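# Inside the fold
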Amino acid sequence: MADRDSRAGTRYYDPAILDYVEKVHAAHDAGLESAFTSPDRDKMPAIQVGKSEGRLLELLIRMVGARRAVEVGTLAGYSAIRIARALPADGRLWTIEVMSEHAEVARRNIAAAGLANKVEVVLGDAMAVLPDLEKHGPFDAVFIDADKERYDQYGRWAARALRPGGLLVGDNAFLFGNLLQDTPAGQAMRRFHEEAAAAFDSVCVPTPDGLLVGLKR
Ligand code: SAH
Ligand code: DHB
Ligand code: MG
């Protein structure tokens, strides 16, 4: 029926089902497991992407045949390992992290996963680092997962630095449920959505906190 919200039906949020599909499709080997559990061990916030989102990121990177990728927000390197594994042998990921403790832990986890030669953890504020990175572009993929009030600026940078057909992914696109609030972060995240929809073929996948996916036109 046209006036009925098709999303209002049964939702399958059974944790046992989520555990099952993660186990079947998104299982960890030692390197991924070590990076995934690192925040708890290494006194960092456990705010890495979920296992299925990490796996989706990996597959999306492969689907666009990405060789050069940029990540904004490294934390302990879990999503960086997912991305780097999807790149070819001569591929490269630049991942930006503002906290030196996080960058140090990430470098360790990335090296333990055997990816040190493919990944450069760049220490600094993304707003300062991104213009410098442009010389390595155009890029095939950009993953945004850092300070939410700057997603609009990161999205604009991605629209400029990606090749046509390049992949944009943004985590926390629901802004922890605050996307529609009139706060600076809410306004910035809505600009991110609207400008992405204008420059990319895009969708916001309703993961627990929303995952914006786009291909640059
Ligand atoms: N992508 C990671 C999680 C990132 S959490 C994963 O899924 O494994 C967000 C990270 O962004 C934190 O480590 C935080 O320190 C970093 N960050 C926040 N603001 C930043 C900025 N302006 N520049 C670079 N990194 C930033
Ligand atoms: C936070 C940041 C994230 O990127 C995330 O996925 C979850 C939480 C945070 O800053 O609290
Ligand atoms: Mg996130």
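Below, the structure is looked at part by part. (Residues numbered from 1 in each chain as written. Chains lettered and ligands numbered in written order. Predicted model: local features only at pLDDT ≥ 70, side-chain atom pairs only at ≥ 80, totals over all residues. Heavy atoms only, no water.)

## What about the site of ligand 2?
Note the cut-off: Throughout, near means a residue has at least one heavy atom within 4 Å of the molecule or strand. Think of a polar contact as two N or O atoms within 3.5 Å of one another; within protein, one of them needs to be a possible hydrogen donor and the other a possible acceptor, and neighboring residues in sequence only count if both atoms come from side chains. Residue exposure ignores everything except the shown protein chains as possible cover, and the areas themselves are Shrake-Rupley values with a 1.4 Å probe. Here the term charged refers only to Asp, Glu, Lys and Arg, the term nonpolar to Ala, Val, Leu, Ile, Met, Phe, Trp, Tyr, Cys and Pro, and the term polar to all other amino acids, Gly among them.
Neighbouring residues of ligand 2: I47, D145, K148, D171, N172 and F176. In this structure, D145 approaches ligand 2 through a side-chain N or O atom, which is 2.8 Å from an oxygen atom. Between ligand 2 and the protein, one listed contact pairs an oxygen atom with a side-chain N or O atom of D171 at 3.1 Å. Within the complex, 63% of the 290 Å² of free accessible area of ligand 2 lies under protein. The residue makeup of the shell around ligand 2, split by class, is 2 nonpolar, 1 polar and 3 charged.

## Digging into the nonpolar core
Cut-off, in case you're wondering: We call a set of buried residues a nonpolar core when its members are Ala, Val, Leu, Ile, Met, Phe, Trp, Tyr or Cys and they connect through side-chain atoms within 4.5 Å of each other. Partly exposed residues are those whose accessible area sits between 20% and 50% of the maximum for their type, while under 20% is buried and over 50% is exposed, using a 1.4 Å probe and protein chains only. Secondary structure counts use DSSP, requiring at least four H or I residues in a row for a helix and at least two E residues in a row for a strand, with both numbered from the N terminus. Residue contacts follow a heavy-atom distance rule, with two residues in contact if any of their heavy atoms lie within 4.5 Å.
Of all hydrophobic cores here, the largest spans 30 residues; its most connected members are I61, I110 and L167. Elements with a contribution of two residues or more to this core: α2 (30-41), α3 (51-63), α4 (78-86), α5 (100-112), β3 (119-123), β4 (139-144), β5 (162-171) and β7 (211-216). The element contributing the most residues to this core is α4, with 6 residues. Among all residues touching I61, those that are not within four sequence positions of it are A66, I83, A86, L87, A141 and L167.

## Quick notes on the coordination of the magnesium ion (ligand 3)
Basically, it comes down to this: Note: metal donors comprise N, O and S atoms at 2.8 Å or less from the metal (3.2 Å for Na, K and Ca); water molecules are not included, so apparent gaps in a site are possible.
Protein-derived coordination of the magnesium ion (ligand 3) comes from D145 (OD), D171 (OD) and N172 (OD1), at a distance range of 2.0 to 2.1 Å. Mapped onto the sequence, the residues coordinating the magnesium ion (ligand 3) show the spacing D-x25-D-N. Residue D145 is located in the loop between β4 and α7 (151-161), and its partner N172 is located in the loop between β5 and α8 (184-199); the two are separated by 27 residues in the primary sequence. The class of N172 is buried, set by a relative accessible area of 10%.

## So, the site of ligand 1
G73, S79, E97, H102 and D145 are the nearest of the 23 residues found near ligand 1. Interatomic distance of 2.9 Å between a backbone N/O atom of G73 and a nitrogen atom of ligand 1. Between D145 and ligand 1, the recorded distance is 2.8 Å, taken from a side-chain N or O atom to a nitrogen atom. The set of elements that each furnish at least two residues to the shell around ligand 1 consists of α4 and β2 (92-97). Grouping the amino acids of the shell around ligand 1 by side-chain chemistry returns 11 nonpolar, 6 polar and 6 charged.

## Considerations on helix α6 (residues 126-133)
What counts is decided by this rule: The arc refers to the directions leading from the helix axis to the C-beta atoms.
Along α6, the residues that are buried comprise A126, V129, L130 and L133. Viewed end-on, α6 has its buried residues packed into an arc of 105°, placing them on one side of the element. Looking at α6, the residues exposed on the side facing more than 90 degrees away from the buried face are A128 and D132. Residues of α6 that are buried in the fold lie against β1 (68-72), β2, β3, β4 and α7.

## Comments concerning the pattern of salt bridges
Here is the rule we go by: Think of a salt bridge as a Lys or Arg side-chain nitrogen and an Asp or Glu carboxyl oxygen that are within 4 Å of each other.
Enumeration according to the criterion identifies 16 salt bridges in this entry. Residue D152 pairs with R156 through a salt bridge whose shortest N-O separation is 3.5 Å. Taken together, the positions of D152 and R156, both in helix α7 and 4 residues apart, correspond to about one turn of that helix. Across the pair E195 and R156 runs a salt bridge whose closest N-O atoms are separated by 2.8 Å. Placement of the pair is E195 in helix α8 and R156 in helix α7, with a sequence separation of 39 residues. E195 sits in the partly exposed class, given a relative accessible area of 32%. In this structure R156 comes out as partly exposed when scored by relative accessible area, which is 37%.

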